[in-house]
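Observations on the three-dimensional arrangement
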Amino acid sequence: MRFLLLWTGLILTLCVTQHIKATEINGFQYGLNELLIPASDRCKILPEEPNLAAALVACEEAANQGNSEAQFLLGELYLIGQVIPQDYDKAKHWFEQASTNGHAKAQYQLAFMYYRGEGMKQDYTQAYIMMKMAAVNGYTDAIDVSDEIGSLMDRDQRALAFYTLSKIFQDYAQHLKQSAPSRLDLKPKPQGSSHNTIIEAKPQD
């Protein structure tokens with residue numbers, strides 16, 4: 001009886017495996033291992049990628065779920081146009097998505113798109129702002145490049161860039177202040193209370 005159960009289980013396992021191997025999503029075939037790996041990990045695309053269409057679907061799936069690295073990779077692919085057709089609008093879109101998630105290299109690439117006028121009107125002010133954001137977020141190559149862009153800007157452009165950056169940092173500081181945990185203050189107990197102290201949450205200044 002036990003042998004029969006084991007044999008039945010083996011047959012069911014083989015049937016399920018064959019079904020998974022034949023799974024099709026959005027018109028593309030996925031193998032067993034690909035279904036078990038998160039989309040963000042399947043988003044590794046090279047020119048010699050054997051299943052490029054499926055890899056792109058996985059990459060877009062991860063990007064649409066908010067994965068900033070997948071968003072950045074899609075932006076790179078559309079900007080360079082080596083693996084897939086070049087599309088500046090889509091490159092800008094995905095760099096912007098990754099940028100709002102704090103991806104420094106996406107901000108760096110977006111800055112260069114503004115600087116060169118790739119798929120958009122050339123804009124030194126926006127290029128400078130994005131390059132400074134990339135530097136603030138840790139992409140050190142952006143520090144010297146932002147200075148070079150700044151040297152090409154006139155007084156009005158620099159004033160607008162500085163104002164915009166200061167507004168961004170002020171808004172971010174305000175956000176941090178509002179989201180900071182409350183400070184606990186100890187106050188003497190009121191008369192008639194059986195507790196030694198009362199812990200009262202008081203927001204930080």
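Here the structure is shown first, and the text comes after it.
Quick summary incoming for the structure in this document. Just so you know, these numbers come straight off a predicted model, no measurement behind them. Throughout this document, residue positions are counted from 1 along each chain, in the order its sequence is written. The predicted origin of the model limits local features to residues at a pLDDT of at least 70 and limits the giving and counting of side-chain atom pairs to 80 or more, whereas totals for whole chains, interfaces and linings rest on all residues. To obtain the side-chain values, all non-hydrogen atoms of the structure were used and water was disregarded.

**Things to note about the overall build of the chain**
Worth spelling out the cut-off: Here a strand is any run of E in DSSP of at least two residues, a helix any run of H or I of at least four, and the numbering for each starts at the N terminus. Only protein chains enter the area calculation, which uses a 1.4 Å probe; residues under 20% of their type maximum are buried, those over 50% are exposed, and those in between are partly exposed. Note on definitions: a residue-residue contact is assigned when non-hydrogen atoms from the two residues lie within 4.5 Å. Accessible areas in this description were obtained via Shrake-Rupley with a 1.4 Å probe; residue shielding takes into account the shown protein chains only.
Check the secondary structure of the chain and you find ten helices and four strands. Secondary structure elements of the chain occur, N-terminal to C-terminal, as α-β-β-α-α-α-α-α-α-α-α-α-β-β. Expressed as a percentage of its 205 residues, the buried residues of the chain come to 29%. For the chain, the proportion of contacts with a sequence separation of at least 24, taken over those separated by at least 6, is 39%. Here the chain displays about 13600 Å² of accessible surface, and carbon together with sulfur accounts for 55% of that area.

**Side note on the nonpolar core**
Nonpolar side chains in soluble globular proteins tend to be buried together. Note the cut-off: By nonpolar core is meant a set of buried Ala, Val, Leu, Ile, Met, Phe, Trp, Tyr and Cys residues that side-chain atoms within 4.5 Å join together.
Formed by 37 residues in total, the largest nonpolar core has its most connected members in L74, F95, Y108, M131 and I149. Every element with two or more residues in this core is listed here: helix 4 (52-64), helix 5 (68-80), helix 6 (88-100), helix 7 (104-116), helix 8 (124-136), helix 9 (141-151) and helix 10 (155-179). When near neighbours in sequence (up to four residues on either side) are disregarded, Y108 contacts M131, A134, Y139, D141, A142 and V145.

**Some details on the packing of helix 6 against helix 7**
Applicable threshold: The angle between two axes is taken between their N-to-C directions and runs from 0 to 180 degrees, where each axis is a line fitted to C-alpha atoms and a helix contributes only its stretch in contact. An angle below 35 degrees is treated as roughly parallel, one above 145 as roughly antiparallel, one from 65 to 115 as roughly perpendicular, and anything else as oblique. For any pair of crossing helices, the crossing counts as left-handed if the nearer helix is rotated counterclockwise from the farther one by less than a right angle, and right-handed if it is rotated clockwise. By the convention adopted, Pro, Cys, Tyr, Trp, Phe, Met, Ile, Leu, Val and Ala count as nonpolar, Lys, Arg, Asp and Glu as charged, and the other residues, Gly among them, as polar.
Closest axis-to-axis distance for the helix 6/helix 7 pair is 8 Å, and the angle between their directions is 140°. One way to sum up the angle between helix 6 and helix 7 is to call them oblique. Here helix 6 and helix 7 pass one another in a crossing that is left-handed. Residue-level inspection shows Y88, A91, K92, F95, E96, A98 and S99 of helix 6 in contact with helix 7, the latter providing A106, Q107, Q109, L110, M113 and Y114. A per-class count over the contact of helix 6 with helix 7 returns eight nonpolar, three polar and two charged.

**Things to note about the side chain of Q71**
The residue Q71 is located in helix 5 in this model. Sequence-distant contacts of Q71, defined by excluding residues within four places in its chain, comprise A63, G66, W94, Q97, A98 and N101.

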